Amino acid sequence: MSPIALHPNPDLRDDLDPPADASHPPAGVVVFQDRTLLVRGIPWVLLAAAVLLGITDRGLTQRWDTFPFLISFLFFGMPHGAMDWVVDGRLRADFDRRITLPRFSWYLAWMSASAALLFLMPVVAVLGFFVLTVIHWGLGDLDATTTSLPTRWARVAAIAGRGLLVLGVAFAVSPAAAWAPFALLVGEGPGSFDADAGVRMVGMAAVVAGGIAAIAWMLHRWRHGEHRAALYDAAETTLVVAAIGLTDPLFGIGVYFLSTHSFRHALRLASTPEVLPENANGGSLLRRLIWVHLLSLPLLVPTLVMLLGWCWIQFGSFGVDDLTATMLGFFLITTLPHHLLGRRLPRIRRG
């Protein structure tokens, strides 16, 4: 039983690790009902807001299409990735700040390989990034919303369902707008992408495949007695599809990235004692989320400097479209090592 859960001062108790009594699970186990409110509730509110905005004023989402990504520079998006420096060190038994950089060399090597691929074969690198994004985002949502260890094929269905729908809807609804930031990244003009029927058909095929996989995953949960979770998945999938389909695709995907993927990953980091300082683990969830952002600064600050330099060298300005394209380029070269490191995180204990 966690000593902090029994502390008489309620401000020092872990809100996701309450004390045991007749109406609470034992300490040391996350109360899943409370966690569901966070993991589902906050993303749903923001996704629903995007849906409402898309219905009432889609033009606004086109004018402010980069806004969610620019916010994620400082909140949840970039910070949850910049925590990788600390996470990599803390997950090692021989953790020592003096040897963090050499230990981080594997991460930098994958970044270098991805950067080389982007320089030599930019379109291939972007397509590979799309595939990896489907896996990374799908797996992130699966880990955040399941309480059990599903079968291999059920996991594949859950991951593919979410990831394919996120990207597929964007390219099915507006392929030119979905490709626009990547066109800048690979050196094409903003209007050079030929949004022909073939590209739209690829997006529609991804939507169909993703929809079938998502339904298969929901049916799997329903058959295994997870009725409420299956209904939650249905509601969330509807919100994700609507948020991306009814708004500018970059805006909708940005809202999903910021409110759902990044928030859930940051929440997971804030709920993983192994990656936080000992004096942070007893604090409230808000305090631990602040710690996640503070611990990201040693990697976040040089990253932002590098992004600004990259943006200026490639585009000669700091326009919002240029910054967003550069940010997506950075995600392209970091997602693989970020994903591999995330697979080393311990599973969150749930009741």
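Here's what I pulled together on the structure shown here. (Residues numbered from 1 in each chain as written. Predicted model: local features only at pLDDT ≥ 70, side-chain atom pairs only at ≥ 80, totals over all residues. Heavy atoms only, no water.)

### Some details on the overall build of the protein
Point 1. Helix and strand counts for the protein come out as 15 helices and zero strands.
Point 2. Out of the 351 residues belonging to the protein, those deemed buried represent 50%.
Point 3. Sequence separation of at least 24 residues holds for 73% of the intrachain contacts in the protein that already meet a minimum separation of 6.
Point 4. Surface accessibility of the protein: about 16,200 Å² in total, with carbon and sulfur atoms responsible for 71%. (Helix = DSSP H or I, 4+ residues; strand = E, 2+ residues; numbered from the N terminus. Buried < 20%, exposed > 50% of the residue type's maximum accessible area, 1.4 Å probe, protein only. Contact = heavy atoms within 4.5 Å. Areas by Shrake-Rupley, 256 points an atom, 1.4 Å probe, with all protein chains shown as cover.)

### Quick look at empty space enclosed by the protein
A water-sized probe, rolled over the atoms, reveals where empty space remains.
Point 1. Scanning the entire structure with this criterion turns up three cavities of 30 Å³ or more.
Point 2. The wall of the second largest cavity is formed by 14 residues, among which Asp141, Ala158, Arg162, Trp217 and Asp233 lie closest to the centre.
Point 3. Split by residue class, the lining of the second largest cavity holds six nonpolar, four polar and four charged. (1 Å grid on protein atoms, 1.4 Å probe; cavity = no way out; pocket = protein on both sides within 12 Å on 5 of 7 lines; lining within 4 Å. Points joined across faces, edges and corners; volume = space filled by probe spheres on them. Nonpolar A, V, L, I, M, F, W, Y, C, P; charged D, E, K, R; others polar.)

### What about the side chain of Arg40?
Point 1. Along the polypeptide, Arg40 turns up in helix α1 (residues 32–56).
Point 2. In terms of polar contacts, Arg40 uses its side chain to reach the side chain of Glu236, at 3.0 Å. (Polar contact = N/O pair within 3.5 Å; in protein donor to acceptor, adjacent residues only side chain to side chain.)

### Re the pattern of salt bridges
Pairs can form between side chains of opposite charge whenever their charged atoms are close.
Point 1. According to the stated counting rule, one finds twelve salt bridges in the structure shown.
Point 2. Across the pair Arg343 and Asp143 runs a salt bridge, and its minimum N-O distance is 2.9 Å. Note that Arg343 is positioned in the segment after α15 (320–342) and Asp143 in helix α8 (residues 122–145), a separation of 200 residues in sequence.
Point 3. By relative accessible area, Arg343 is classed as partly exposed at 38%.
Point 4. Overlapping salt bridges, with partners in common, bring together Arg40, Asp141, Arg162, Arg221, Glu226, Asp233, Glu236 and Arg264 in one network. (Salt bridge = Lys/Arg side-chain N within 4 Å of Asp/Glu carboxyl O.)

### Structural notes on unusual backbone geometry
Point 1. Located in the positive-phi region is Phe76, a residue other than glycine, with phi close to 65°.
Point 2. Within the element layout of this structure, Phe76 appears in the loop between α3 (67–71) and α4 (77–82).

### Some remarks on the layout of surface pockets
Point 1. Estimated volume of the largest pocket: approximately 570 Å³.
Point 2. Along the walls of the largest pocket sit 38 residues, with Leu328, Phe330, Phe331, Thr334 and Thr335 positioned nearest its centre.
Point 3. Mapped onto the lining of the largest pocket, the elements with two or more residues apiece are α4, α7 (105–120), α8, α9 (152–173), α10 (175–185), α13 (249–270), α14 (285–315) and α15.
Point 4. In the lining of the largest pocket, the residues fall into 27 nonpolar, ten polar and one charged.

### Structural notes on the packing of aromatic side chains
Point 1. Under the defined criterion, the tally for this structure stands at 15 aromatic pairs.
Point 2. With a centroid separation of 5.7 Å and 80° between ring planes, the pair formed by Trp44 and Tyr232 is classed as edge-to-face. One end of the pair, Trp44, is in helix α1; the other, Tyr232, is in helix α12 (residues 227–246), and 188 residues separate them in sequence.
Point 3. The exposure class assigned to Tyr232 is partly exposed, which follows from its relative accessible area of 28%.
Point 4. Measuring from ring centre to ring centre gives 5.6 Å for Phe130 and Phe171, while their planes differ by 65°; the resulting arrangement is edge-to-face. Separated by 41 residues along the polypeptide, Phe130 in helix α8 and Phe171 in helix α9 bring together distant segments of the chain. The same class applies to Phe130 as to Phe171, namely buried. (Phe/Tyr/Trp six-rings, centres within 6.5 Å; stacked < 30°, edge-to-face > 60°.)

### Things to note about α14
Point 1. Bending of α14 peaks at approximately 60° at the position of Leu297, with proline Pro298 no more than four residues after it.
Point 2. Where α14 terminates, the next one or two residues include Gly316, which has phi positive at roughly 75°. (Bend = angle between axes of the 7 residues up to and from the residue.)

### Focus on α13
Point 1. Spanning 22 residues, α13 covers 30 Å between terminal C-alpha atoms, matching the ideal 32 Å at 1.5 Å per step.
Point 2. The largest bend in α13 comes to about 35°, at Phe257.
Point 3. Burial of α13 is extensive: 22 of the 22 residues sit out of reach of the surface.
Point 4. In this structure Asp248 caps α13, since a side-chain oxygen of it lies 3.0 Å from the backbone nitrogen of Leu250. (Expected span 1.5 Å × (residues − 1).)

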